[in-house]
Amino acid sequence: MEKAINRQKILLHHLNPSSFTHANESSSLSASACAAGDSAAYHRTSTFADDVVIVAAYRTALCKSKRGGFKDTHADDLLAPVLKAVIERTNVNPSEVGDIVVGTVLAPGSQRASECRMAAFYAGFPETVAVRTVNRQCSSGLQAVADVAAAIRAGFYDIGIGAGLESMTANPMAWEGSVNPKVKMFEQAQNCLLPMGITSENVAHRFGVSRNEQDLAAVESHRRAAAATASGRFKDEIIPVSTKIVDPKTGEEKSVTISVDDGIRPGATLSDLARLKPVFKKDGTTTAGNSSQVSDGAAAVLLMKRSVAVHKGLPILGVFRTFTAVGVDPAIMGVGPAAAIPVAVKAAGLELDDIDLFEINEAFASQFVYCRNKLGLDPEKINVNGGAMAIGHPLGATGARCVATLLHEMRKRGRDCRFGVISMCIGTGMGAAAVFERGDCADELCNARKVDDLLLSKDAR
């Protein structure tokens with residue numbers, strides 16, 4: 001009961017955002033029903049004004065590698081438009097940005113770092129704003145956002161940008177150089193070299209995920225993505241990119257503006273996918289149709305302290321709550337989200353039932369289905385606008401893309417959506433997850449769950 005009373009003190013303090021002083025500890029409080037309902041078990045560990053909030057999150061369309069709308073677009077020309085958008089659409093002075101962190105995977109490190117710095121200049125940032133890259137494989141974009149959030153919390157700066165970038169046209173997946181023969185002495189180290197498709201087959205075989213289940217998940221991903229596109233669900237998050245497309249036969253250049261994901265197949269059917277042959281094992285179940293698409297794209301997320309956002313009069317899209325990265329067996333790396341999500345949710349003081357929306361990267365249908373089933377998640381809460389099997393998976397950009405997709409969808413849903421989770425598996429055997437809160441409900445606690453008693457949280461039972 002004492003924990004519940006303490007939580008109510010914290011929550012009542014946060015209901016008054018105009019005052020950043022601590023609530024009067026001597027105030028008399030009674031254990032009455034709280035608007036936060038059962039999710040009052042969640043509590044903030046930092047003072048309200050120091051919350052790290054997201055005020056803008058945008059992405060490019062995602063296009064098929066080597067065949068899509070960005071096949072002739074330089075990587076820096078993908079990143080620059082989203083960096084420019086988060087500044088121009090919020091009227092933030094670019095010189096106030098403390099750092100730009102870009103998640104990116106496949107390009108040589110020094111080259112991509114230079115391209116990201118170049119993109120910042122294209123976008124109008126002054127030379128005083130620093131840029132760096134980060135690489136944690138498929139979670140790199142989310143890691144960039146988490147790194148910026150951590151730096152803001154640490155007081156290194158008040159405003160930062162976490163971004164993601166990948167041109168899988170320019171930088172295909174490949175191992176360069178020789179492999180250390182020592183790796184043969186360590187099974188798990190050797191499994192770090194397994195093709196991702198083989199790890200998908202391992203998950204399907206070990207946990208009994210059937211071909212039909214995988215194909216059904218892929219069809220549903222395309223159906224949802226097509227519906228979201230047709231209804232304009234992605235318009236608020238996608239920044240149109242003016243670029244060129246070169247005809248491979250004639251060399252003729254054509255100016256185009258890309259604003260729609262081009263890998264979605266609205267007419268995908270279960271019978272269509274059933275005809276596809278396995279790619280990685282003769283008797284396997286992983287096909288091109290139930291795997292994520294190889295894509296080009298970029299995304300950017302503008303974060304700052306809540307007090308700074310309030311001072312600038314900026315609407316708050318979301319609140320960054322927790323992040324975690326965990327290790328799993330490299331041979332079944334796709335199980336990463338099933339391991340990471342509970343850790344991140346618990347760190348936020350929540351339970352899985354408190355989460356209203358999930359963005360779980362669909363690297364492969366096998367691992368997506370496994371993680372969904374393992375955690376017992378409601379399919380209607382996961383990837384409601386489709387996932388990577390339909391939209392695409394530009395490795396370094398996916399995490400930041402998911403932030404944009406999740407937060408814009410949470411905003412559209414309003415009072416029915418308070419907490420969201422983003423998660424993905426990571427090559428070599430890891431998983432990452434982060435918890436976000438919709439920006440305009442942190443104050444009002446308006447996504448209420450009715451409780452039958454007067455206790456504030458599960459701690460009081």
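So, a few notes on the structure that sits alongside this text. Quick caveat: nothing in here was measured; it's all calculated off a predicted structure.

**A closer look at the layout of surface pockets**
Then, number 1: Put simply, the largest pocket is a space of about 1400 Å³.
Then, number 2: If you go around the largest pocket, you meet 43 residues; those closest to its centre are Met 168, Met 173, Met 196, Val 294 and Leu 395.
Then, number 3: The residue makeup of the lining of the largest pocket, split by class, is 24 nonpolar, 13 polar and six charged.

**Here's the deal with the pattern of salt bridges**
Then, number 1: Under the counting rule described, the total for this entry stands at 25 salt bridges.
Then, number 2: Between Glu 220 and Arg 224 there is a salt bridge, with the nearest N and O atoms lying 2.7 Å from each other. A residue pair is termed a helical-turn pair when its members lie 3 or 4 positions apart in one helix, as Glu 220 and Arg 224 do in helix 7 (residues 211-230) at four residues.
Then, number 3: A relative accessible area of 10% means that Arg 224 is categorised as buried.
Then, number 4: Salt bridges sharing partners connect three or more residues here, namely Asp 51, Arg 306, Arg 321, Arg 418 and Glu 437.

**Brief notes about the side chain of Ser 366**
Then, number 1: If you trace the backbone, Ser 366 turns up in helix 11 (residues 365-375).
Then, number 2: Engagement of the side chain of Ser 366 in a polar contact is seen with the side chain of Ser 200, the distance being 2.7 Å.
Then, number 3: The contacts of Ser 366, once residues within four sequence positions are left out, are Ser 200, Val 203, Ala 204, Val 209 and Gln 214.

What counts, and where the lines are drawn
- Residues numbered from 1 in each chain as written.
- Predicted model: local features only at pLDDT ≥ 70, side-chain atom pairs only at ≥ 80, totals over all residues.
- Heavy atoms only, no water.
- 1 Å grid on protein atoms, 1.4 Å probe; cavity = no way out; pocket = protein on both sides within 12 Å on 5 of 7 lines; lining within 4 Å.
- Points joined across faces, edges and corners; volume = space filled by probe spheres on them.
- Nonpolar A, V, L, I, M, F, W, Y, C, P; charged D, E, K, R; others polar.
- Salt bridge = Lys/Arg side-chain N within 4 Å of Asp/Glu carboxyl O.
- Helix = DSSP H or I, 4+ residues; strand = E, 2+ residues; numbered from the N terminus.
- Buried < 20%, exposed > 50% of the residue type's maximum accessible area, 1.4 Å probe, protein only.
- Polar contact = N/O pair within 3.5 Å; in protein donor to acceptor, adjacent residues only side chain to side chain.
- Contact = heavy atoms within 4.5 Å.

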